[in-house]
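Architecture at a glance
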Amino acid sequence: MAASYAPETRQDLITNQWVAFAPSRSERPNRTKSASPSSEPPSDADEAPVEGCPFCPGHEDMLPSIISEQSRKAPPGWSTRAVPNKFAALIPDRSTEPHTSALYQTRASRGRQEVIIDTPRHHQPLAHMPESQVASVLGTYLRRYRALREADADLIPFLFRNHGASAGASIAHPHSQLIAPDFRPPAIEQEEEAARVRYEEIGRCPYCAMIEKELEAEARLVWTNEAFVVFVPFAATVPYEMWILPRKHSPEFGHLTPPMQGALASALRTALHRLHEGLNDPDYNFFVRSALDYESDHLHLHWSLRIRPRTTVQAGYELSTGHRINPSIPERDAAVLRGED
């Protein structure tokens with residue numbers, strides 16, 4: 001018999017965010033689509049480029065340029081590509097002199113935006129890629145992340161992926177994005193400051209303490225290997241949210257070593273496959289949260305990859321107050337993702 005959960009409100013003591021959980025709103029809010037999960041995608045030999053898709057092989061004339069690519073022997077000769085974002089909101093090498101009035105300020109939008117094409121195959125989601133291809137995607141993440149960090153100290157790159165229309169994906173071909181503005185986003189600064197305060201209170205990295213707690217409790221664990229832990233956070237803001245954290249303390253994503261890259265590929269592929277199979281391939285966003293300061297050795301920060309399915313929408317109360325309501329409960333979500341419910 002499935003466990004029964006009562007409504008409650010939880011606070012994440014790192015971010016200080018309060019979330020109200022209302023599991024009675026839906027007995028099992030994990031079936032987001034009526035169709036059953038798709039079967040494994042076709043083989044390379046069976047999949048032809050999709051007409052009109054700029055990211056498919058043979059359509060290079062539709063791309064602004066190719067910044068870099070990971071080569072491979074098998075056709076079409078590449079496994080991942082990085083290309084400029086054709087519709088960028090940020091532009092390199094623009095003056096940032098602000099124009100200020102009593103109430104408002106404006107300046108040029110300076111920064112870099114790139115698209116990372118995850119695979120030559122139009123119909124191959126990350127959830128169904130072999131781990132070697134996921135590792136190739138992560139390798140491209142790291143190369144472009146490090147390149148932008150080292151090319152311009154004023155830019156702070158952020159890696160993210162939108163899967164599905166409601167998550168903001170305008171092109172169906174699997175791809176990720178990298179955006180590097182020249183300012184420090186306030187929400188991330190606030191989390192880093194809250195983590196610093198928590199570190200001073202408990203005397204250790206609060207994220208390391210979180211990992212230890214989740215491994216001990218087990219109720220919110222989804223999957224683990226020797227290098228990473230995957231769990232539904234205690235105060236998850238949406239149903240089936242998952243965090244992937246390295247077990248060893250590390251503030252900076254850019255420090256990921258090749259062995260850790262393979263371990264992360266296994267963790268990410270497993271988490272997305274569980275999401276795909278358990279929730280019938282929901283739309284989702286994921287993003288890498290790393291220290292704002294490059295080459296950081298901060299003892300209070302710990303990088304993570306956070307996956308947020310788009311199974312709910314924010315309504316009036318949430319938009320007006322910033323107080324999130326999650327119509328599920330993390331322990332039940334983790335059980336579903338483990339295949340127990």
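Just so you know, these numbers come straight off a predicted model, no measurement behind them.

Looking at the pattern of salt bridges
- Scanning all chains against the criterion turns up 22 salt bridges.
- Residues Asp 118 and Arg 161 are paired through a salt bridge, measuring 2.8 Å at the closest nitrogen-oxygen approach. In this pair, Asp 118 sits in the loop between β7 (111–117) and α1 (131–151) while Arg 161 sits in strand β8 (residues 158–163), placing the two residues 43 residues apart along the sequence.
- The class of Asp 118 is buried, set by a relative accessible area of 0%.
- The network of salt bridges with shared partners includes Glu 8, Arg 10, Glu 214, Arg 220 and Glu 331.

A short note on empty space enclosed by the protein
- In total, this model carries 3 cavities of 30 Å³ or more according to the counting rule given.
- Of the voids in this model, the largest cavity is the one considered here, and its volume is about 80 Å³.
- Counted by class, the lining of the largest cavity contains 6 nonpolar, 2 polar and 4 charged residues.

Quick word on the pairing of strand β9 (residues 175–181)
- Of all 7 residues in β9, 6 are buried; the element is thus mostly enclosed.
- Pairing geometry for β7 and β9, over 7 bridges, is antiparallel. From the neighbouring strand, Val 115 faces β9, where its bridge partner is Gln 177.
- Sheet topology places β8 next to β9; 3 bridges connect them, and they run antiparallel. Considered in β9, the bridge of Phe 160 is made with Gln 177.

Overview of the state of the cysteines
- Scanning all chains against the criterion turns up 0 disulfides.
- For Cys 53, which is in no disulfide, the shortest distance to another cysteine sulfur is to Cys 56 and amounts to 3.7 Å.
- Given the relative accessible area of 1%, Cys 56 is considered buried.

Some points on the packing of aromatic side chains
- The final tally for this structure, using the stated rule, is 6 aromatic pairs.
- Judged by centre distance (5.6 Å) and plane angle (85°), the rings of Tyr 145 and Phe 253 are edge-to-face. Taken as a pair, Tyr 145 in helix α1 and Phe 253 in the loop between β12 (242–246) and α4 (258–278) lie far apart in primary sequence, 108 residues in all.
- These aromatic residues form a ring-pair network of at least three members: Tyr 145, Phe 228, Phe 253, Tyr 294 and Trp 303.
- One Lys or Arg, Arg 10, reaches over the ring of Phe 21 and ends 5.3 Å from the middle of that ring.
- The aromatic ring of Phe 234 is capped on one face by Arg 10, whose charged end is 4.4 Å from the ring centroid.

Things to note about the pairing of strand β1 (residues 8–11)
- Pairing analysis gives 4 bridges linking β1 to strand β2 (residues 18–21), with the strands arranged antiparallel. Within β2, the residue paired with Thr 9 across the bridge is Ala 20.

Reading the values: rules and limits
Residues numbered from 1 in each chain as written. Predicted model: local features only at pLDDT ≥ 70, side-chain atom pairs only at ≥ 80, totals over all residues. Heavy atoms only, no water. Salt bridge = Lys/Arg side-chain N within 4 Å of Asp/Glu carboxyl O. Helix = DSSP H or I, 4+ residues; strand = E, 2+ residues; numbered from the N terminus. Buried < 20%, exposed > 50% of the residue type's maximum accessible area, 1.4 Å probe, protein only. 1 Å grid on protein atoms, 1.4 Å probe; cavity = no way out; pocket = protein on both sides within 12 Å on 5 of 7 lines; lining within 4 Å. Points joined across faces, edges and corners; volume = space filled by probe spheres on them. Nonpolar A, V, L, I, M, F, W, Y, C, P; charged D, E, K, R; others polar. Pairing = 2+ DSSP bridges. Disulfide = S-S within 2.5 Å. Phe/Tyr/Trp six-rings, centres within 6.5 Å; stacked < 30°, edge-to-face > 60°. Lys NZ or Arg CZ within 6 Å of the ring centre and 35° of its normal.

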